[in-house]
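Coordinates in review
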Amino acid sequence: MYSLRPLFWLLLAVAAVQASVLSLQSPRFTILSSSAEQLRSEPLSVTQKPAPLTLGASDALKLTFQVLDKDEGKGVQPHQTFLRFYDEISGEEGIQPVRVTSGGKAKFELNMARPPASIPPTSAGIPLKVELIIGSFVHSPLKVELFELFLPESHPAPQHPDEASFHPLPPIHHTFRPEQKLPPRIISAVSAVLVLAPWVVLVGLWGHIRPSVPYLLSPSILPFIVTLGAFETLLVWYWVDLKLGQVLLYGGILSVFAALAGRQALATKGDLRVGRK
Amino acid sequence: MGPKAPAKQPQQVASQSIPATPASQNALDSLWKAYNDTTSSRLKTVDAFLVFLMLSGVIQFLYCVLVTNFPFNAFLAGFASTVGQFVLTASLRSQVNPANRAEFKEVSPERAFADFAMGSIVLHFFVFNFLG
C-alpha cells in the first residue's frame, strides 16, 4: 500500500496555487475622544503604515474595512478574521476576533474606558503593532500590518507562580550555630576549685574517722589491692592514650589476675571475719 | 531544760516561723550523737565517701546550670560517675552492715565488696569513655 501523504501535499499545493486572493477595501480608522469629538480619522493604506496612533485613557478607536475577493470583486465573509496586538519588546500579544458580515463588511471598536481582555499589558512609550489576520478555507490567507498603537500604560502581566524556578535562584547562604564558647578563665578556675573541694572534705572526714586497715599490706590481700589499682591506672591510660581494642585486651588479661587475687584476698578476709566472730 | 516544756505545747504561727526551735535542735543533736555512737568506723568511712559523692554531684550540677553546659558530654560523664558510684557504695553499705545480716543471707560481705569493685571498674570504664 503506497503512502498517501505525498499525494495529499500535492493536492494542497495545487489548491493553494489555484486559491483566490483576498483584499481589503477602504480600510479606515477613527480616534474619538470621550466626548465623541473626532481626534483623528484617516484611511489606511496596506502598503504604507500611517503615523503611530495614540489613544488616551478615555479615547476610542474605530476601525472599518471590507473584505473582497480580488478576482471577483465581491465581498466575502472569511472564516477567521483577527486583529493581533503585539508588543515587540516584552513579547506579549493579544488576539481579538472581528465580526465580519456576509457581505464582507467589518467594524471594530476599541474603547479605552472599557478595554477588552484581549489587549496585552502595555508599558509606557512602547507601541503595540496591530496586524489584521484573515483566514479562509477557499482563499489564501491574508496578513496586513495596519499601524502602531500607543496605549496608556497598564498593570504588568501577572507573574506565574512558577516564574522564579525558571531563573537562577539566589545563592544559598548557610548559617551555622555559633561555636560554643568556654566561660572566662577566672570562672573556670574558680569552678574547678569548687568542684575539687569535696575531695578536701573527704580527706578531712577520713582523717577524722581514721579507719583502721590492719591487713591491707598482708601478702594475701595486697595483690588484690594492687590489681584494683592497676585497673584504675589502665582506665586512665585508656583515657589518655589507648584505643578501645587495646584496653579491652589488657583489661581482659588483668581481670584474670584480679579474679584470682580477689578470690584469695576475700577468702582470707572472710576467714578473719568469721574467726573474729 | 527550760525551753523544753513550752515547746511541747501546740506551736502558734509566729513561733513556727523560727527555723530551729529548741525541740528540733535537740532532735538533731541526739540523732547525731546516736549515729556517732552506734556506727562502726568502717561504716563511717563509707558514709564519708557517700557524703563526698553527693557534694561532688551537687557542685557539678550547679556548675552546669549556672555557668555553662559546654562540653555537655563532660558534664554527663562527671555527674553520672558520682551518681553511679553513690548507688554502688550505698548498696555496698547496706549489704555490709551487720545490722542487715537478716536481709542479705545469701550475700556475704566479701561477695558484696567484690560486686562493688567490679561494678565500680565497669562504671569508671564507661565514664572515661564518655569523658572524651
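Here, residues in each chain are numbered from 1, in the same order as that chain's written sequence. Each chain takes a letter, starting from A, and each ligand takes a number, starting from 1, following the order in which they are written. Predicted model: local features are reported for residues with pLDDT of at least 70 only, side-chain atom pairs are reported and counted for 80 or more only, and whole-chain, interface and lining totals are derived from all residues. No hydrogens and no water enter the side-chain calculation; it runs on all heavy atoms of the structure.

The relative placement of two packed helices is expressed as an angle between their axes plus a distance between the axes. Residue and element names in this part refer to chain B. Angles run from 0 to 180 degrees between N-to-C directions of axes, and those axes are lines fitted to C-alpha atoms, restricted for helices to the stretch in contact. Put simply, DSSP H or I for four residues or longer makes a helix, DSSP E for two residues or longer makes a strand, and each gets a number counted from the N terminus. It is the contact of helix α4 (residues 41–66) with helix α5 (residues 72–96), at a shortest axis distance of 9 Å, that shows an interaxial angle of 160 degrees. Viewed along their axes, α4 and α5 adopt a mutual orientation that is roughly antiparallel. Crossing geometry of α4 relative to α5 is assigned as left-handed. Together, Leu43, Val46, Asp47, Phe49, Leu50, Leu53, Met54, Ser56, Gly57, Gln60, Phe61 and Cys64 of α4 and Phe75, Gly78, Phe79, Thr82, Gln85, Phe86, Thr89, Ala90 and Arg93 of α5 make up the contact between the two elements. The class makeup of the residues in the contact of α4 with α5 is 12 nonpolar, seven polar and two charged. An angle counts as roughly parallel when it lies under 35 degrees, as roughly antiparallel when it exceeds 145, as roughly perpendicular when it falls between 65 and 115, and as oblique in every other case. Definitions for this section: a left-handed crossing has its near helix turned counterclockwise from the far helix by less than a right angle. A right-handed crossing has that turn clockwise. Here a residue-residue contact requires only that any non-hydrogen atoms of the pair lie within 4.5 Å. Throughout this entry, Asp, Glu, Lys and Arg are counted as charged residues, while Ala, Val, Leu, Ile, Met, Phe, Trp, Tyr, Cys and Pro are counted as nonpolar. The remaining residues, Gly among them, count as polar.

Once that is clear, we can look at the packing of aromatic side chains. Two aromatic rings from Phe, Tyr or Trp, using only the six-membered ring of Trp, form a pair when their centres are within 6.5 Å; if the ring planes differ by under 30 degrees the pair is stacked, by over 60 it is edge-to-face, and anything between is tilted. The tally for this structure, following the rule as stated, stands at 16 aromatic pairs over all chains. Ring centres 5.9 Å apart and planes at 25 degrees place the aromatic pair Phe49 of chain B and Phe52 of chain B in the stacked group. Taken as a pair, Phe49 of chain B and Phe52 of chain B lie in helix α4 at a separation of three residues, close to a single helical turn. Both residues of the pair, Phe49 of chain B and Phe52 of chain B, count as buried. Grouped by ring-pair contacts, the aromatic residues Trp199 and Trp206 of chain A together with Phe49 and Phe52 of chain B constitute a single cluster. Charge over a ring is defined by NZ of Lys or CZ of Arg lying within 6 Å of the ring centre and within 35 degrees of the ring normal. Above the plane of the ring of Tyr86 of chain A lies Arg84 of chain A, whose end atom (NZ or CZ) is 4.2 Å from the centre. Only protein chains enter the area calculation, which uses a 1.4 Å probe; residues under 20% of their type maximum are buried, those over 50% are exposed, and those in between are partly exposed.

Take the interface of chain A and chain B next. Accessible area lost upon the coming together of the parts serves often as the stated size of an interface. Contacts between the two partners involve 34 residues from chain A and, on the opposite side, 31 residues from chain B. Take the accessible area each of two parts loses on contact, using a 1.4 Å probe, and add the two losses: that sum is the buried area. For the chain A and chain B pair, buried surface summed over both sides reaches about 2800 Å², with 75% attributable to carbon and sulfur atoms. Interface area lost by chain A to chain B is led by Leu235, Trp239 and Leu266 of chain A, which between them contribute 18%. Salt bridges are defined as contacts in which a side-chain nitrogen from Lys or Arg sits within 4 Å of a carboxyl oxygen from Asp or Glu. At the boundary of chain A and chain B, one finds one salt bridge. One salt bridge connects Glu110 of chain B with Arg273 of chain A, and the closest N-O pair in it is separated by 3.1 Å. Residues adjacent in sequence count toward polar contacts only when both atoms are side-chain atoms; beyond that, a polar contact is any pair of N or O atoms within 3.5 Å, and within protein one must be able to donate a hydrogen and the other to accept it. Linking chain A with chain B are four residue pairs in polar contact (both at pLDDT 80 or more). When residues of the side of chain A that touches chain B are assigned to their parent elements, the largest contribution, 12 residues, is made by helix α2 (residues 185–209) of chain A. Partitioning the side of chain A that touches chain B into residue classes produces 24 nonpolar, four polar and six charged.

All names here are of chain B. Helix span, as expected, comes to 1.5 Å for every residue beyond the first. With 23 residues, helix α6 (residues 109–131) should reach 33 Å at 1.5 Å per residue; the first-to-last C-alpha distance of 32 Å fits that figure. Every buried residue of α6 is listed here: Pro109, Glu110, Ala112, Phe116, Ala117, Ser120, Ile121, Leu123, His124, Phe125, Val127 and Phe128. Positive phi appears at Gly132, one or two residues downstream of α6, with a value of about 75 degrees.

Here the focus is the UniProt feature "transmembrane region" (unreviewed entry) in chain B. Residue and element names in this part refer to chain B. UniProt positions are given in the numbering used here, feature names are shortened, and annotations may be inferred rather than shown by experiment. Taken from the UniProt record, the annotation "transmembrane region" (unreviewed entry) applies to residues 48–68 and 112–131. With 90% helix and 0% strand, the stretch residues 48–68 has end C-alpha atoms that lie 29 Å from each other. Between the C-alpha atoms that bound residues 112–131 the distance is 28 Å, and the span itself is 100% helix and 0% strand.

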